[in-house]
Structures are given as C-alpha cells and as structure tokens.
Amino acid sequence: MKQERESVEFDIVFVGAGPANLASAIHLQRMIKRYNAQSATLLEPLIAIIEKGRYAGAQLLSGALLDPRALEEFFPDYRDQGCPIEATVSNESLWFLTAKRKFSFPFLPEPFSNKGAHLVSLSRLGAWMAEKADEEGIQLFDNTAATAPFLENGKVAGIITDDKGLDLEGNQKANFEPGLLLKSNVTVIGEGSDGSLARQLSALFPSGSRGQRYETGVKETWRIAEGHLKAGEVHQFFGYPLSAESYGGGWLYAFSPTIISIGFISSPGPESPHCDPHRNLQRFKKHPLLATLLEGGSMIESGARTIASGGFDAMPPLYGPGFLVTGESAGMVNMQRHKGIHLAMKSGLLAAETLFEALLHNDFSTERLGSYAERFRKSWAFEELHAARNYRKAFDKGLYAGLVQAGLQLSFPGLSLPKTQLTIPALAPLPSLGLKKRKRDFPSIPEFREDGILTFSKEQSLFHSGVMHEENQPCHLHIKPENIAEICLKKCAEEFANPCRHFCPASVYEITTEPVPALKLNASNCLHCKTCEVADPYGIITWTTPEGGSGPGYKLS
Ligand code: SF4
C-alpha cells in the first residue's frame, strides 16, 4: 500500500550536513542577504539541510587535516568566529615502518607537505558550521534520513525522508510516523562517501563515469601522557603492518601535547578479502614507535568510514536534472595529500554560486545547474584534483611500483603513467575499480589477541563510537535470502572465506553454524562506514538508511 505523506515545499534541500553542504548553505544565504540589501525585489528562498545523524557532526569522521584555502574564501574571520581549530601543523614527518624498525624520510615532497594546514576534529568543525548556518537562518533537520529521491517529470523534485516507528518486520508500531515528502527545486547531495541517495541517482541517471573506488579509514582519538609530542605534530606512515602488495598507511596527529588522532587506511576488497581495517589499526599501534607514545594513555573515541579514493578519474557527474552533487559524494578527495575537506568546501561554494544564479533567474533547468560543472572546471579544486589524478592508481601494482611511479609523477607533473580520462563525465557508475572476483588461496589470518589497553576488539571499540540503533526496526542491510543461501553460505565461503567477517569494522557480519549455517547480522553495531557495500565481492549487500538518528555519535573524530 502506498504510504500517504505530508509534503513540505522548499526551494533548496541539502542532503547531508557535512563541510560541503554547510559551506554551500552559508555561502548561499550570505549571497542572498547581500543581494536583498541592495535590491528592490527580495529573494526569500526556503532552504533546508537534512542530516541523518542525531546531531550535526555526529557522523563526521576524518583524520583530519584542513587546508584552510576554501574556508578562508567564505569565512575569512573563521578564527575570530570560534572555529574549532585544534592546532596548526608545526612539525611533520613521513616514516616507513617494518615490524620492529622505523625509517624517517629525510624530506617531504611538496605535495605531501601540510604546511599551514590545521588539525581539526571534523565532527566539531561540522557542529560549528551547523551553528553558523543556523545563525544565518537556515533550518537544519537532524535525525532525518533521505531514503529515496522524489521524481517528477523525469527530474529530481525532492526527497522522501525516513519512516519512523517501524518494527523489525516493517509493521507500524504505536509511535509510527510516516516520512515526509520534501519537495524542492534543487536537491544538493552531499552525503559523503558512498551515499545511498547518490547511488540511487546514479542508477536513475546513468553516465559514462568509471565508478568510484574506496579505502576504509579506522580512527581513534587518545589521551596520552605529556612529554612525547607537541601540538601540531603530523606524522604519516607506510609499511607495517601491511605487506608490500597492499595499499594503505597510518597517521598520528597531535591536537595538543595530550590529545592525538591516530588512524589507519586500508584497502579491503576481493583482492585482499582477509584485509581487516580495524585489526590493521590495532597492529599498527603495536609498533614500538607508536606503542611507546600510547603507553599509559587511554582511548577516547573510535570510528570508521570509507574514503572515496578514485580521484579525478572516478568523479561522478556533478549535476543532473534537479540535483547537484557536492563534497565526497562528488569524489572531492585528493589521496596524494590525504585531504578532502577543503575540496568539499570549495565544491559547496561553487554549488552555492550556481544555486544563487538559479534563484535569481528562477531557472532550475539542467542547463542552468550545469554551470556548476563549468565553475568547477575553472577552479583551483579542478587543477588540484587533476594534478593528483594518477597518484592512487600508481599503487595498484604494489607499494614499490607505486613509490616509483608516484615519484616520477612528482618529478614530472605532466607525466601520465596509467591511463586517465580528461573530462568530467556528463551524467551508474560501472563496477568499482579494483573489485574483481578471483578465486585464490588466501593466506591464513595471523592470530591477534587484543589486550584491552593498547589494542581493542571491534566490540570494545564500539563502546567508544557512540553508536546507537533502535533494535526493533527493519534491518538496514539488505541481502536477498536466496543470495544468503547460495552466495554467502556456499560460493563466497568457498571463494573468499566470507570477507565480510573481516572488512566490517563493527562485527556486524557473523557466520554461525548452530543449529545450521547462517549469516547473522548485528545491524545495531553498524558504524555506517559503508565498507560492506563497496568491498562485497558479489555486490549483493545494499546499505539503506535506517531510522534517522541511528548510527555513530562522534564528538571528537
Ligand atoms: Fe560498515 Fe555497517 Fe557495513 Fe559494517 S555493516 S561494514 S559498520 S556499513
């Protein structure tokens, strides 16, 4: 039966309160105010931001190093306005680790340098930006998930938000409230990496995009003893605990002499089905260099997130009928610099300028919205992403080949080793790069025992993620029953040894054997990192949005 929904009309609806959409909404509102101050006719659009987390910043997680370039463009007085900058980079280094030893690089190539960058907590930065958006008069609806686009006459004309109060079987509970239909002239998709609305739109409006690729970052914040680090120290690592065939590496950023961000990026997928991003971080912390720093300290927070790492060549179309795509949803991540917040913000600013022009001309046609892609093409964000387009794929043949290729590209920036596309696609990605089914013998997974002091099990880490889900709601991870029986329990068990048990950082996937073999989903553990959806070798897992307000509740990530 079709659900009756209340409909609310807006001019612009932003989906996702991350740095891209918040920057966009603030910039747009300020342009409107400036215009209204000088014009006889007033622009008074209704603008809303919806956010599935239970508060702004709850689901934002990043290293995070912020290049302030875009922030300075739209918020030159960000420091005076109380922007939560934890520290500015004071000292940085790059290390290669073996199990027991460490080798520091004598110098940092320019593109790796973080000079002038700020160390931030992305969740705190997001919360601050949301406050500023509120001061500008923009309505932010948290606890609200966009479950589907609303289509009218072949264009996106809004979104449908989550139904609240459904039980595990999908029946209405006493507190049932149907989701709303939020109509809008333009919907701005800034859901972060692998957004579910963006995925639905890419299927509805297919393009020639090569499809995105992903890594998984697992991060912890720690309180450590004084005397090891100074505020602003930034240390990047590669090597241990990864083999030379695997892509990834670690970081350690000092917010203050006693508060640090430590994390590890891994590349789970069918080529490395035993890759366990959570365990990689735990093993990384056991390296003597890190273990000494962390001794006597305690973990404050833990979380995980995929990173859209395909760069320029994997960007989806930036616009379509009735919608724009911003931030990481649009692939705005420079893997060479391990940064994306500044690019996300810049995309938001360019989207805002496009939206302002559309409001001014009361023209929301695809042609008008297409000027966003043109703006991007003329921006420094395009130049930066284009210059770094080959960095990540240089490592597809392993660490050493990657270092050689990346080194050559740094020395000769025009050099293009792997093939690259030269344009942004006009408008369903092909299957993700790097995800190829291949039967192989897997190395046995090394024994690892967490000590609960320096290293933690996935369950222990979850206590530090603020994760919360109403248990009695429909499972948001969809796998067809026939696929569980034929693929999960037979084909995948034989070909890949059920990699979901490893790549999920929250122990959501369990294969039980009693009374009969079964796949058990601990959906309420889910960190919304999306690793399962992008690393599942058969493409049979679909992540859908649970009730708004579900998921992690980060405060310092
Ligand atoms: Fe991440 Fe949740 Fe999928 Fe586990 S089930 S991999 S936590 S999105």
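Residues numbered from 1 in each chain as written. Predicted model: local features only at pLDDT ≥ 70, side-chain atom pairs only at ≥ 80, totals over all residues. Heavy atoms only, no water.

## Re the pattern of salt bridges
Under the definition given, this model contains 24 salt bridges. Between Arg 30 and Glu 136 there is a salt bridge; the shortest N-O distance is 3.0 Å. Taken together, the positions of Arg 30 in helix 1 (residues 19-38) and Glu 136 in the loop between helix 3 (122-135) and strand 9 (139-141) put the pair 106 residues apart, joining distant regions of the chain. For Glu 136, a relative accessible area of 14% translates into the label buried. When the shortest N-O distance is used, the salt bridge between Glu 510 and Lys 520 registers 3.9 Å. With Glu 510 in strand 24 (residues 509-512) and Lys 520 in strand 25 (residues 518-521), the pair connects residues that are 10 residues apart, well separated along the chain. Assessed through its relative accessible area of 40%, Lys 520 is described here as partly exposed. Linked through salt bridges whose partners overlap, the residues forming this network are Arg 213, Glu 215, Arg 392 and Asp 396. (Salt bridge = Lys/Arg side-chain N within 4 Å of Asp/Glu carboxyl O. Helix = DSSP H or I, 4+ residues; strand = E, 2+ residues; numbered from the N terminus. Buried < 20%, exposed > 50% of the residue type's maximum accessible area, 1.4 Å probe, protein only.)

## Overview of the site of the ligand
Within the structure, the ligand sits among 14 residues, and Cys 504, Cys 526, Cys 529, Lys 530 and Cys 532 are positioned closest to it. Here the residues of the shell around the ligand are counted per class, giving 11 nonpolar, 2 polar and 1 charged. (Near = heavy atom within 4 Å. Nonpolar A, V, L, I, M, F, W, Y, C, P; charged D, E, K, R; others polar.)

## Regarding the pairing of strand 19 (residues 259-266)
The buried fraction of strand 19 amounts to 8 of the 8 residues, a majority that puts the element mostly inside the structure. Residues Ile 259, Ser 261, Gly 263 and Ile 265 point to one face of strand 19 and Ile 260, Ile 262, Phe 264 and Ser 266 to the other, with burial holding for every one of them. Alignment of strand 16 (residues 214-223) against strand 19, held across 8 bridges, turns out to be antiparallel. Bridge pairing links Lys 219 to Gly 263 in strand 19. Two strands pair when backbone bridges link them, and strand 18 (residues 249-254) and strand 19 are joined in this way by 6 bridges, in the antiparallel orientation. Each residue of the ladder has a partner; that of Gly 249, found in strand 19, is Ile 265. (Pairing = 2+ DSSP bridges.)

## Let's talk about the sheet that holds strand 6 (residues 91-97)
Strand pairing in a sheet relies on backbone hydrogen bonds, with the paired strands running either antiparallel or parallel. Strand order in the open sheet made by the 7 strands is 7-6-17-18-19-16-20, with mixed pairing throughout. What marks the edges here is a single partner per strand, and that holds for strand 7 (102-104) and strand 20 (298-308). Each adjacent strand pair in this sheet contributes to an overall mean axis angle of 20 degrees, direction not counted. Note: strand 17 (residues 233-239) against strand 18, 4 bridges, orientation antiparallel. The residue bridging Val 234 from the neighbouring strand is Tyr 253, located in strand 18. Helix 5 (residues 277-285) rests against strand 6, strand 16, strand 17, strand 18 and strand 19 of the sheet, and its axis sits at about 130 degrees to strand 19. (Axes fitted to C-alpha atoms, helices over the stretch in contact; angles between N-to-C directions. Contact = heavy atoms within 4.5 Å.)

## Details of the domain arrangement of the chain
By domain assignment, the chain separates into domain 1 (9-70 + 126-209 + 316-387) and domain 2 (453-543). Computed over C-alpha atoms only, the centres of domain 1 and domain 2 are separated by 29 Å. At the interface, 13 residues of domain 1 touch 13 residues of domain 2. Counting the surface lost from both domain 1 and domain 2, the interface buries some 1000 Å², and carbon and sulfur atoms represent 42% of this. One can count 2 salt bridges joining domain 1 with domain 2. Ionic pairing is found between Glu 470 and Lys 173, a salt bridge with its closest N-O pair at 3.8 Å. Summed over the shared surface of domain 1 and domain 2, the result is 7 residue pairs in polar contact (both at pLDDT 80 or more). Within the side of domain 1 that touches domain 2, the residues separate by chemical class into 2 nonpolar, 5 polar and 6 charged. (Domains from an automatic or database assignment. Buried area = accessible area lost by both parts, 1.4 Å probe. Polar contact = N/O pair within 3.5 Å; in protein donor to acceptor, adjacent residues only side chain to side chain.)

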